[in-house]
Amino acid sequence: MPIDKRKVPEVNSSSQADIAFSLLIFFLVATTMNTDTGLVRVLPPMPPEDQKQEDIKVKERNLYLVLVNGSGQIMVGQPNKQEFTDLRQLKDKIKEFILNPMDDPDLPEKVEKEIELANGGKWVYPVSEGVVSLQTTRDTGYQAYIMVQNELTRAFNEVRDQVAMAKFNNKFADLNEDQRNAVSKAVPLKISEAEPRNIKK
């Protein structure tokens, strides 16, 4: 019986690399990747090395505590005067604390500070000495923590909007960089985060 000596035709694989590369590019472009989200914060500068610890203490009237427990409940108020509140009321309570519109002696002090403007002028504004201290427990959920953080930031942003409208007749986000810096000095973002607490059962 004669043997068929014909060669088996080979598959042309030169285009397979092109196809594989095209698929790789397609999946890289079409695939969405999870990105970590976080909170934008500008950290305050380090205190001078020669500053004594007692100089950093905050007067009781200038401190507003916000405690979020493991059940998502929120307690707010000045030391020894805390009460439960709803998340929807938190922003307004923080704004009242920062502004102290009636110059209540139990609310934060205001210190008149000279703020330099881009045109060389000076702007004297009563800057609040109030500090909001956010505290959590070890079992506080991340979602509850983020929601409270958002409300605290919204409160400061709305106060900045009020000051910006009064001074520059524009919202904070619409100001130029020099004007935003001036308003940020008039309404500094003073949110302190304490180490999570252990709650005794």
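Residues numbered from 1 in each chain as written. Predicted model: local features only at pLDDT ≥ 70, side-chain atom pairs only at ≥ 80, totals over all residues. Heavy atoms only, no water.

Peer 1: Residue-level account of the packing of helix 2 (residues 87-99) against helix 3 (residues 142-168), with values.
Peer 2: Across the interface, helix 2 lies against helix 3 with an axial gap of 9 Å and an inter-helix angle of 45°. Our classification of the angle between helix 2 and helix 3 gives oblique. For the pair helix 2 and helix 3, the sense of crossing is right-handed. Listed contacts from helix 3 to Leu 87, Leu 90, Lys 91, Ile 94, Lys 95, Ile 98 and Leu 99 of helix 2 are Met 147, Val 148, Glu 151, Leu 152, Arg 154, Ala 155, Phe 156, Glu 158, Val 159 and Gln 162. Within the contact of helix 2 with helix 3, the residues separate by chemical class into 11 nonpolar, 1 polar and 5 charged. (Axes fitted to C-alpha atoms, helices over the stretch in contact; angles between N-to-C directions. Helix = DSSP H or I, 4+ residues; strand = E, 2+ residues; numbered from the N terminus. Parallel < 35°, antiparallel > 145°, perpendicular 65-115°, else oblique. Left-handed = near helix turned anticlockwise from the far one by under 90°. Contact = heavy atoms within 4.5 Å. Nonpolar A, V, L, I, M, F, W, Y, C, P; charged D, E, K, R; others polar.)

Peer 1: Explain helix 4 (residues 177-186) residue by residue, including any values.
Peer 2: For helix 4, the complete set of buried residues consists of Ala 182, Val 183 and Ala 186. Projected onto a plane normal to the axis of helix 4, the buried residues spread over an arc of 95° and lie on a single side. Residues of helix 4 that are exposed and point more than 90 degrees away from the buried face comprise Glu 177 and Lys 185. Buried-residue contacts for helix 4 involve strand 4 (110-116), strand 5 (122-128) and helix 3. Of the residues flanking the start of helix 4, the one acting as N-cap is Asn 176, its side-chain oxygen 3.1 Å from the backbone nitrogen of Asp 178. (Buried < 20%, exposed > 50% of the residue type's maximum accessible area, 1.4 Å probe, protein only. Arc of directions from axis to C-beta. Polar contact = N/O pair within 3.5 Å; in protein donor to acceptor, adjacent residues only side chain to side chain.)

Peer 1: Give a description of the nonpolar core that names residues and reports values.
Peer 2: Across soluble globular proteins, nonpolar side chains show a tendency to be buried alongside one another. Counting residues in each nonpolar core, the largest one holds 33 residues, and the members touching the most others are Val 66, Ile 94, Trp 123, Val 148, Leu 152 and Val 163. For this core, the elements supplying multiple residues, two or more each, are strand 1 (63-68), strand 2 (74-77), helix 2, strand 5, strand 6 (131-136), helix 3 and helix 4. For this core, the leading source of residues is helix 3, giving 9 residues. Those residues within four positions of Ile 94 in sequence are excluded, and the remaining contacts are Tyr 64, Val 66, Val 132, Leu 152, Ala 155 and Phe 156. (Core = buried A, V, L, I, M, F, W, Y, C linked by side-chain atoms within 4.5 Å.)

Peer 1: Describe the packing of aromatic side chains, with residues and values.
Peer 2: For the structure shown, the criterion picks out 4 aromatic pairs. Taking 4.9 Å as the distance between ring centres and 40° as the angle between the ring planes, the aromatic pair formed by Tyr 64 and Phe 97 counts as tilted. Taken together, the residues Tyr 64 in strand 1 and Phe 97 in helix 2 connect sequence positions 33 residues apart. In terms of burial, Tyr 64 and Phe 97 fall into one category: buried. A ring pair is formed by Trp 123 and Phe 168, whose centres lie 6.1 Å apart and whose planes are at 75°; its orientation type is edge-to-face. Taken together, the residues span a long stretch of sequence, with Trp 123 in strand 5 and Phe 168 in helix 3 at a distance of 45 residues. Through pairs of rings, three or more aromatic residues link up here, namely Trp 123, Tyr 125 and Phe 168. (Phe/Tyr/Trp six-rings, centres within 6.5 Å; stacked < 30°, edge-to-face > 60°.)

Peer 1: Give me the pairing of strand 6: which residues, what numbers.
Peer 2: For strand 6, the tally of buried residues reaches 6 of 6 residues, placing the bulk of the element in the interior. Alternating positions in strand 6 separate into two faces, Val 131, Ser 133 and Gln 135 on one and Val 132, Leu 134 and Thr 136 on the other, with burial throughout. In the sheet, strand 1 pairs with strand 6 via 6 bridges, with the strands oriented parallel. Paired with Val 66 across the strands is Leu 134, a residue of strand 6. (Pairing = 2+ DSSP bridges.)

Peer 1: Can you break down the sheet that holds strand 1 residue by residue, with the values?
Peer 2: The strand order 3-2-1-6-7 describes an open sheet built from 5 strands, whose pairing is mixed. Edge positions in the open sheet fall to strand 3 (83-85) and strand 7 (191-193), since each of these has one partner strand only. Taken over all neighbouring pairs, the strand axes of this sheet differ in orientation by 30° on average, direction set aside. Along the sheet, helix 2 contacts strand 1, strand 2, strand 3 and strand 6; its crossing angle with strand 1, the most-contacted strand, is approximately 165°.

None of the figures reported here should be taken as evidence of function without further support.
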